[in-house]
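# Structural characterization, general
Now for the letters of each chain:
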Amino acid sequence: MESKEVRLMKGNEAIAEAAIRAGADAFYGYPITPQTEVMEYLMETDSYARTGMVVLQAESEVSAINMVYGAAATGHRVLTSSSSPGISLMCEGISYIAGAELPCLLINVSRGGPGLGTIQPSQADYFQTVKGGGHGDYKLLTLAPKSVQEMADFIAEGFDLAFKYRNPVMILADGALGQMMEKITLPEQRPRLSEYPDWATNGTPEGKERRFVTSLNLLPQQHELVNQRLQAKYRQMEREEVRFESIMCDDAEYIVVAFGIIARIAQKSIEQARAKGHKIGLFRPISLYPFPIGEIEALSREKRVRGFMSVELNAGQMIEDVRLAIEGRKPIGFFGRLGGMVPTPEEIENALYRQFGL
Amino acid sequence: MDVKDIVKPENLVYRKSRLMSDATFNFCPGCGHGVVVRTIAEVIEEMGIEHDVIGISPVGCSVFLYDFYKFDVVEAAHGRACAVATGIKRVQPDKYVFTYQGDGDLAAIGTGETIHACNRGENLVIVFINNGIYGMTGGQMAPTTLEGMKTTTCPRGRDVKTMGYPLNITPLLAQLDGVCYVTRHSVHTPANVRKLKKAFRQAFENQRDKKGTSIVEVVSNCNSGWGLTPKAANDWMIENMFKKYPLGDMKVDGKLVMDMNAPR
Ligand SMILES: Cc1ncc(C[n+]2csc(CCOP(=O)(O)OP(=O)(O)O)c2C)c(N)n1
Ligand code: SF4
Ligand SMILES: [Mg+2]
């Protein structure tokens, strides 16, 4: 019988431990609060001694993401983690990785902006993550964990998705998830890669065609084809990779849509409201791209559902996607706190009553 | 005599490296880039390491290296070649990794990546083409542009008071402990090409022997960007570029061999 290893860990530590156990080959990063413990943990626990996983502190996030690009080009499992300002710096590199169709795992333990902002948790990087960030028509397959357990679980899954689609995968967390401690079941150790994909530029083997990695195409006719291939891949993700959690939505008259840490707080608010007889449900998108459009649309078509509310740690970003899914069929409201503030369950509960006229 | 007689093996004095494809160079006629590109291929072929080589071509006139070489090449963002090379080399320490960077790439937008890769002593070969200008984008001022030299963004000549001084970066890099070999060459005569070839060989052998960073700078021309004929460009290079950027070794086997008091 396999014995599961249970440990009390910070979210950032869970990312690091899970990366080692996912058989990652390399981590390249640059310190930034509130995710610095990721690299610290990797160094402290000596990932290199454990599995041969390389860890290198780069001189900047610009450099780190380009190191990721290099290792990804050679078919290795590579990841980086950062927080909002650092992710902004990485955006050119992320666009190159998407353009060159390379797999890698990116983690944003996001904080409040704009600018240097605050080190407190925020979801203000939603637009940056799912609507672009860098230049060009690309998409990041984005997973939003709500717990330390999911922080750990999404690592191996993220790598597998990245390789399946040859596309960068982003885990969009926040400072609260990074810093808080929870008891988690650790994933099993899996081996590092021993064979690399055919496209990997890790030296042309004897008798094989040489490979190259680029995102450049001077001919627009050719480059349109590349873009069409990327788009076809994104459509496939939209068909196959939508992930969500639906809590108490079956009989709900009102639906709260929330992702990540705030979804957990909103769940508490909803439970309190239910105790008072209000039928409210929680819909939690887990994949932010591809967004669960079809599922939200279906809810909006239910006769019993009278309204929606998007609850976010920002000024209202995901609400745009929810609104697109609802297409005006039902009213939608918004509640959010800004700049690193996190609402209490009661604040959200009261906002629900105001919004839904309860 | 028929052409078939001419190409008989016993008549062969020079052939294109097996590692060069048949793609047409995108370089302007007379440009030094092409000579440097094929010289690297010759060295890799002679060392027999082509199955273990990964080249990095960042943005610049040489961005299409992957079209010219028959070994693995990764294109990189402008300035980031040394970071990409580091990312590769750290997970594959037994491969040979080289970057091929222009002066804008290595000494302006990518200065940070270059200095830190060198400072970590990344076991790489850095090929640095110093043509004093941004060739690819049509001849703008580079960090290496000489004082008074005209480019499209300093049409009245580089005014060092407002635009800064020509950046002689390799002597600076030579002083970093992680760097084992720094040398400066040119390709304007066959003798110089032969010297360059030896330098490349030395650099790749350093990498094989895990000695740290090797930097081979080539002072080159950009006849198009300079607005000169190929011949006039080479003459201008000898007359002006070599004064500011004298040829020769700066660091060999980890020891500085340059005259620190020489005008730089
Ligand atoms: C981020 C970014 N900024 C600017 C450019 C435009 N650009 C392409 S090549 C280049 C300069 C190339 O000059 P150099 O590195 O000296 O190479 P050369 O063409 O002279 O060999 C510039 C500015 C770019 N591609 N990416
Ligand atoms: S623009 Fe200058 S550097 Fe570029 S290929 Fe032409 S001559 Fe060479
Ligand atoms: Mg140049």
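Residues numbered from 1 in each chain as written. Chains lettered and ligands numbered in written order. Predicted model: local features only at pLDDT ≥ 70, side-chain atom pairs only at ≥ 80, totals over all residues. Heavy atoms only, no water.

## Some remarks on the sheet that holds strand E5 (residues 104–110) of chain A
Here 7 strands make up an open sheet; going across it, the order is E3-E2-E4-E5-E7-E6-E13 (chain A) and the pairing mixed. Sheet topology places strand E3 (54–57) and strand E13 (287–289) of chain A at the edges, where each strand pairs with a single neighbour. On average, each strand axis in the sheet is inclined to that of its neighbour by 20 degrees, with strand direction left out of account. Where E5(A) meets strand E7 (residues 168–174) of chain A, 7 bridges bridge the pair, whose relative direction is parallel. Residue pairing in the sheet places A:Cys104 in a bridge with A:Pro168 of E7(A). Sheet strands touched by helix H5 (residues 84–99) of chain A: strand E4 (78–82), E5 and E7 of chain A. Its angle to E5(A), the strand with the most contacts, is close to 160 degrees. The strands that helix H4 (residues 81–91) of chain B touches are strand E2 (26–29) and E3 of chain A; relative to E2(A), the one it contacts most, it runs at about 150 degrees. (Pairing = 2+ DSSP bridges. Helix = DSSP H or I, 4+ residues; strand = E, 2+ residues; numbered from the N terminus. Axes fitted to C-alpha atoms, helices over the stretch in contact; angles between N-to-C directions. Contact = heavy atoms within 4.5 Å.)

## Brief notes about the packing of aromatic side chains
Think of a pair of aromatic rings as described by two things: how far the centres are apart, and how the planes are tilted against each other in angle. This model, assessed by the stated rule, comprises 16 aromatic pairs over all chains. Chaining the aromatic ring pairs together yields one cluster made of B:Tyr69, B:Phe71, B:Phe98 and B:Phe204. (Phe/Tyr/Trp six-rings, centres within 6.5 Å; stacked < 30°, edge-to-face > 60°.)

## Comments concerning the sheet that holds strand E1 (residues 53–58) of chain B
Ordered by their spatial adjacency, 9 strands build an open sheet running E9(A)-E2(B)-E1(B)-E3(B)-E4(B)-E8(B)-E7(B)-E9(B)-E10(B), and the pairing between neighbours is mixed. The open sheet terminates on both sides in strands that have one partner only, identified here as strand E9 (212–213) of chain A together with strand E10 (255–256) of chain B. For strand E4 (residues 125–130) of chain B and strand E8 (residues 213–219) of chain B, the ladder comprises 6 bridges, and the chain directions are parallel. In the strand pairing of E8(B), B:Ile126 is matched with B:Ile215. Set on the sheet, helix H2 (residues 33–47) of chain B makes contact with E1, strand E3 (96–102), E4 and E8 of chain B; between it and E3(B) the angle comes to about 175 degrees. Along the sheet face, helix H9 (residues 190–208) of chain B touches E3, E4, strand E7 (179–185) and E8 of chain B and points at about 165 degrees away from the line of E7(B).

## Focus: the environment of A:Met43
Residue and element names in this part refer to chain A. Position of Met43 relative to the elements: it lies in helix H2 (residues 37–44). By relative accessible area, which is 47% here, Met43 ends up partly exposed. A sequence separation of 12 residues divides Met43 from Val55, and the C-alpha atoms of the two residues are 7.2 Å apart. (Buried < 20%, exposed > 50% of the residue type's maximum accessible area, 1.4 Å probe, protein only.)

## Focus on the site of ligand 1
In the vicinity of ligand 1, 17 residues are found, and the nearest of them are B:His33, B:Asp103, B:Gly104, B:Asp105 and B:Gly135. What surrounds ligand 1 is not a single chain but chains A and B. Separating an oxygen atom of ligand 1 from a side-chain N or O atom of B:Asp103 is a distance of 2.3 Å. A distance of 3.1 Å is found between an oxygen atom of ligand 1 and a backbone nitrogen or oxygen belonging to B:Ile133. If ligand 1 stood free it would expose 590 Å²; the protein chains cover 78% of that surface. Broken down by secondary-structure element, the contributors of at least two residues to the shell around ligand 1 are helix H5 (103–109) and strand E5 (133–134) of chain B. A total of 4 residues in the shell around ligand 1 trace back to one element, the largest contributor, which is H5(B). Partitioning the shell around ligand 1 into residue classes produces 6 nonpolar, 8 polar and 3 charged. (Near = heavy atom within 4 Å. Polar contact = N/O pair within 3.5 Å; in protein donor to acceptor, adjacent residues only side chain to side chain. Areas by Shrake-Rupley, 256 points an atom, 1.4 Å probe, with all protein chains shown as cover. Nonpolar A, V, L, I, M, F, W, Y, C, P; charged D, E, K, R; others polar.)

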